Each structure stands twice: as C-alpha cells, then as structure tokens.
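What follows is the residue order along each chain.
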Amino acid sequence: MITYSDNPPAYEFVAAQTSNGFGGQDAPSSDKAEAKPITRQTHQSPLSVPPVVSVHGRPAPMMQPTTVYHYHNPQTGDHLASLLPPDHPEMVCLQQGSHDTHTRFGILGLLAAVLWFPLGVGLCLLDRKVVCRRCGLLIDDGVCG
C-alpha cells in the first residue's frame, strides 16, 4: 500500500480530482463511484540530467573530480577530511602535531621593557606576535595587535 506521506501525488492527479476528472463538466450522478488505483510514479534523480555540452556556442568547461584527502591525528585519534594535499604547509603542521613558532615583539613592548624594567617586561610580553614559520598561521596576535 502506498501512502501519500511516502509518495505524494502528482500535480496532474490532484488537479484532475478537483475538477472531478471531467474537464470542468458536471460529473454524471451514479451511486457507485469508480475507484481508480494510485499508481506509483518514478521520479528521475537530478543527477540523470544530461551534461551541458556548449554554452552560448562555446564548449562548456569540464569539471575535474575533487580530490579529498583523509588525515588521522596521531595524538588525539581524530579523523579529518580536507581538500589540502599532504605537502601543503598547513597539513604538514597538522601531521606533525605542532607549529614551528616564531615570536616577534612590538616596538612599544620593547620600549616599555627598557624604560620601566622590571614591570615593562610584562608589557613587552603583552605586545608580541607569534607566527608559525611553516604555514604562516598567526597563533597569538598579542593585546596591542
């Protein structure tokens, strides 16, 4: 048995029922109504549409299949799917499990460290920028950045 929740009726079927199936004419009166079985309709999937060969007289570009790389984090056991290849710097950092950090201190922090030593050293630590040398990711921008 096919229910409407599993397979909703087609528009033509519903339109035919609202006009009683007689094209707008009055239905002949009879005690027995004709029962029409609901037929299952097959719908074509959107993937079965033929590809476009040309657009405005020019050949359409053909899309290459997208390569998805799968990574496994050895420290946490997490699985990651990415479009970046294994030799990309961000993926190298992910595979290594850590970034190769490089710290640069700002000019205001350096001046504060010299002028107001030892309290200025704390201000110097607030005015720093930490960047990964491998992938260029900005890890810490500091308070002043």
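Throughout what follows, the structure given in this document is the object of discussion. What you see is a predicted model, and the numbers here were worked out from it, not measured in a lab. (Residues numbered from 1 in each chain as written. Predicted model: local features only at pLDDT ≥ 70, side-chain atom pairs only at ≥ 80, totals over all residues. Heavy atoms only, no water.)

## Quick word on the overall build of the chain
Condition: Secondary structure elements are defined from DSSP: runs of H or I of at least 4 residues count as helices, runs of E of at least 2 residues count as strands, and each element is numbered from the N terminus. Burial classes follow relative accessibility: with a 1.4 Å probe on protein chains only, a residue under 20% of its type's maximum area counts as buried, one over 50% as exposed, and anything between as partly exposed. Residues count as neighbours in contact if any of their non-hydrogen atoms are within 4.5 Å of one another. For accessible areas, the Shrake-Rupley method is used with a probe of radius 1.4 Å. Any residue's cover is judged against the shown protein chains and nothing else.
Regarding its fold elements, the chain presents four helices and seven strands. Order of helices (α) and strands (β) in the chain, N terminus to C terminus: α-β-β-β-β-α-β-α-α-β-β. Relative to its full complement of 145 residues, the chain shows a buried share of 12%. For the chain, the proportion of contacts with a sequence separation of at least 24, taken over those separated by at least 6, is 33%. Surface exposure of the chain reaches about 12,500 Å², of which carbon and sulfur atoms provide 59%.

## Looking at the sheet that holds strand β5 (residues 101-105)
To keep things clear, this is the line we draw: At least two bridges found by DSSP between two strands is the condition for calling them paired. Here, axes are lines fitted to C-alpha atoms. For helices the fit covers the stretch in contact, and angles between N-to-C directions go from 0 to 180 degrees.
Strand order across the open sheet formed by three strands is β5-β6-β7, with antiparallel pairing between neighbours. The open sheet terminates on both sides in strands that have one partner only, identified here as β5 and β7 (138-140). Strand after strand, the sheet turns through a mean of 30 degrees between neighbouring axes, direction not considered. Where strand β6 (residues 128-132) meets β7, two bridges bridge the pair, whose relative direction is antiparallel. If you follow V131 over to β7, its bridge partner there is L138.

## Here's the deal with the side chain of S82
The criterion, for reference: Here a polar contact means two N or O atoms within 3.5 Å. Within protein one must be a hydrogen donor candidate and the other an acceptor candidate, and residues neighboring in sequence count only if both atoms are side-chain atoms.
For S82, the position within the fold is in strand β4 (residues 79-82). Only 3.1 Å separates the side chain of S82 from the backbone nitrogen of L84, close enough to count as a polar contact. When neighbours within four sequence positions are excluded, S82 is seen to be in contact with T67, V68, Y69, Y71 and M91.

## Looking at the pattern of salt bridges
Operational definition: Salt bridges are defined as contacts in which a side-chain nitrogen from Lys or Arg sits within 4 Å of a carboxyl oxygen from Asp or Glu.
For the structure on display, the rule yields one salt bridge. With its nearest N and O atoms 3.7 Å apart, the salt bridge here joins R128 to D140. With R128 in strand β6 and D140 in strand β7, this pair connects stretches of sequence that are twelve residues apart.

Any functional reading would require information that these geometric values do not contain.
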